[in-house]
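# Per-entry structural report
So the chains spell out like this:
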Amino acid sequence: MRKVFYIEGDGIGPEIWAAARPVIDAAIAKEGIEPILWEELLAGNKAVAETGTPLPEETLKSLQGADLAMKGPLGTPVGSGIRSLNVALRQGLDLYACIRPVNHVPGLETPVKHPELVDMVIFRENTEDVYAGIEFAALDPRARKLVDFLRDELGITGISPDSAIGIKPMTEQGSKRLVRMAIKYALDNGRKSVTLVHKGNIMKFTEGAFRQWGYDVARDEFGDLTCMAKAPVAGRLMIKDRIADAMFQEALLHPAEYDVLATPNLNGDYISDALAAQVGGLGMAPGVNMSDRMAFFEATHGTAPDIAGKDKANPTSLILCGAMLLEHIGSKNAGSRIRHAVRRAIDAKRVPGDLAPQIKDGKMVGCREFGEIVGSFI
């Protein structure tokens, strides 16, 4: 029996988990494959209530020895307190790749004319850049010390001594392993291109380096399988790049020209949410954070405290994470069952509140009932 650790999450986390898990178990049972042994770990508000800390050492220790885990959303306080539980998990487990597949489910009306043309997978570097968490508040003595160093030792003027300061480290190793994983995925799944998304025209030695390191990986490690010409070469994976702000326009105007995106952390954070909006919103967007040994599947949306406990949440993101998990462990048929069931549930037009306005004659149902509807189509 395969063990999968799970964390319910904060806010709407327990509700979407209660709706999603039966769907995953039903797909497993239908396919007659080995059941999953689900083992709960504590994190977030539930952990604070039971242990006094949002990320108990026991939880982190269990995950460090695991290869599979799944979780609902965890709260990220703004301005004070622990920086981010999600970041702490990604750093502590070296989950360096955030992978977000984005494609349209037929039947959903969206803000764009042709959402069916959006079929991209975002590989976002997950541990460096702004998520390294190196920043100091305005008036903090450490910030002033850093400003003094920049001015006195490096000759950089024009920075106020009262500035808040943040640093975005980006390494060759971190960039290359992310791009390497994106290229391998594209080759293994018959994708046509990998696009490096960066702001290298301005940040020449960080994001510009990300771009160059990406091309270096393609040339040095996949030379016979890739091309970097302006026009595609038959039988080879196209490697190209786009400036981050231009990529947003391209995603709207020419989505069919993009396949797999490889990005530094902040760029990937923005573009993955923007693409999700083009196909129905974050409630429809699954994701996984991966290291070289572990896959940690998670809902990509937030905790939605305003609707927590009201049976109004959309569990689809976590349900589709279940499909990704089953595909990851080798059961493509079970994953396909879940995806097909979600499509049939949307065709039935009885959906959560965030989806009802996007469906002609859509009827709003609660989180629990929608999970049951999806499960009935497994």
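Just above, that's the structure.
Residues numbered from 1 in each chain as written. Predicted model: local features only at pLDDT ≥ 70, side-chain atom pairs only at ≥ 80, totals over all residues. Heavy atoms only, no water.

Okay, the overall build of the chain next. For the chain, the helix and strand inventory stands at 12 helices and 15 strands. Taking 378 residues into account, the globule formula puts the C-alpha radius of gyration at 21 Å, and the chain, at 21 Å, falls close to it. Projecting the C-alpha coordinates of the chain onto the three principal axes gives extents of approximately 65 × 60 × 40 Å. Residues counted as buried form 51% of the 378 residues belonging to the chain. Pairs at least 24 residues apart make up 72% of the contacts formed inside the chain by residues separated by at least 6 positions. On the chain, the mean spot of the 44 positive side-chain charges and the mean spot of the 49 negative ones are 3 Å from each other. (Helix = DSSP H or I, 4+ residues; strand = E, 2+ residues; numbered from the N terminus. Rg over C-alpha atoms; globule rule 2.2 N^0.38 Å. Buried < 20%, exposed > 50% of the residue type's maximum accessible area, 1.4 Å probe, protein only. Contact = heavy atoms within 4.5 Å. Lys, Arg positive; Asp, Glu negative; His and termini not counted. Charge placed at Lys NZ, Arg CZ, Asp CG, Glu CD.)

The interhelical angle for the contact between helix H3 (residues 57-64) and helix H4 (residues 85-93), taken along N-to-C directions, is 45°, at an axis separation of 10 Å. Classified by the interaxial angle, the pair formed by H3 and H4 is oblique. H4 is crossed by H3, and the crossing has right-handed handedness. Along its contact with H3, which presents Leu60, Leu63 and Gln64, the element H4 presents Leu89, Gly92 and Leu93. Here the residues of the contact of H3 with H4 sort into four nonpolar, two polar and no charged. (Axes fitted to C-alpha atoms, helices over the stretch in contact; angles between N-to-C directions. Parallel < 35°, antiparallel > 145°, perpendicular 65-115°, else oblique. Left-handed = near helix turned anticlockwise from the far one by under 90°. Nonpolar A, V, L, I, M, F, W, Y, C, P; charged D, E, K, R; others polar.)

Turning our eyes to something else, we now look at the packing of aromatic side chains. By convention here, two paired aromatic rings are described through the distance between centres and the angle between planes. With the rule as written, the count across this model stands at four aromatic pairs. Considering the side-chain rings of Tyr6 and Trp38, the 6.4 Å spacing of their centres and the 80° angle between planes classify their relative orientation as edge-to-face. Taken as a pair, Tyr6 in strand E1 (residues 2-7) and Trp38 in strand E2 (residues 36-40) lie far apart in primary sequence, 32 residues in all. Considered together, Tyr6 and Trp38 belong to a single accessibility category, that of buried residues. Residues Phe123 and Tyr185 carry aromatic rings whose centres are separated by 5.4 Å and whose planes lie at 55° to one another, so their mutual orientation is tilted. Residue Phe123 is found in strand E5 (residues 119-125), and its partner Tyr185 is found in helix H6 (residues 172-188); the two are separated by 62 residues along the sequence. Taken together, the ring pairs in this structure connect Tyr6, Trp17 and Trp38 into an aromatic cluster. A cation sits over an aromatic face here: Arg124 above Tyr131, 4.9 Å from the ring centre. Positioned over the ring face of Tyr258 is Lys240, at 4.5 Å from the centre of the ring. (Phe/Tyr/Trp six-rings, centres within 6.5 Å; stacked < 30°, edge-to-face > 60°. Lys NZ or Arg CZ within 6 Å of the ring centre and 35° of its normal.)

So, about a nonpolar patch on the surface. Taken together, Phe149, Leu154, Ile156 and Ile159 make up a surface patch of nonpolar side chains, about 340 Å² in accessible area. Tracing the backbone through its elements, the reader meets Phe149 in helix H5 (residues 141-152). Classification of Phe149 by relative accessible area gives partly exposed; the value is 42%. (Patch = residues over 30% accessible without salt bridge, like charges linked within 9 Å, V, L, I, M, F, W, Y side chains within 5 Å. Areas by Shrake-Rupley, 256 points an atom, 1.4 Å probe, with all protein chains shown as cover. Salt bridge = Lys/Arg side-chain N within 4 Å of Asp/Glu carboxyl O.)

This paragraph deals with the pattern of salt bridges. Note on pairing: side chains with opposite charge can pair once their charged atoms come close. Tallying each qualifying case throughout the model produces 27 salt bridges. Here Glu8 and Lys46 are joined by a salt bridge, their closest N and O atoms 3.4 Å apart. Here Lys46 lies in helix H2 (residues 45-51) and Glu8 lies in the loop between E1 and helix H1 (13-31), a separation of 38 residues in the sequence. Its relative accessible area of 18% is what places Glu8 among the buried residues.

This part covers unusual backbone geometry. Even without a glycine there, the phi angle at Ala304 is positive, about 45°. Backbone geometry at Asp311 places phi at a positive 60°, although glycine is not the residue there. The residue Asp311 is located in the loop between strand E13 (295-298) and helix H10 (316-328) in this model. By relative accessible area, which is 31% here, Asp311 ends up partly exposed.

Soluble globular proteins: nonpolar side chains tend toward being buried together. Counting residues in hydrophobic clusters, the biggest one holds 71 residues, and the most contacted among them are Met70, Ile183, Phe297, Leu326 and Ile338. Leu41, Leu55, Leu60 and Met294 belong to the second largest nonpolar core, which has 16 residues in total. (Core = buried A, V, L, I, M, F, W, Y, C linked by side-chain atoms within 4.5 Å.)

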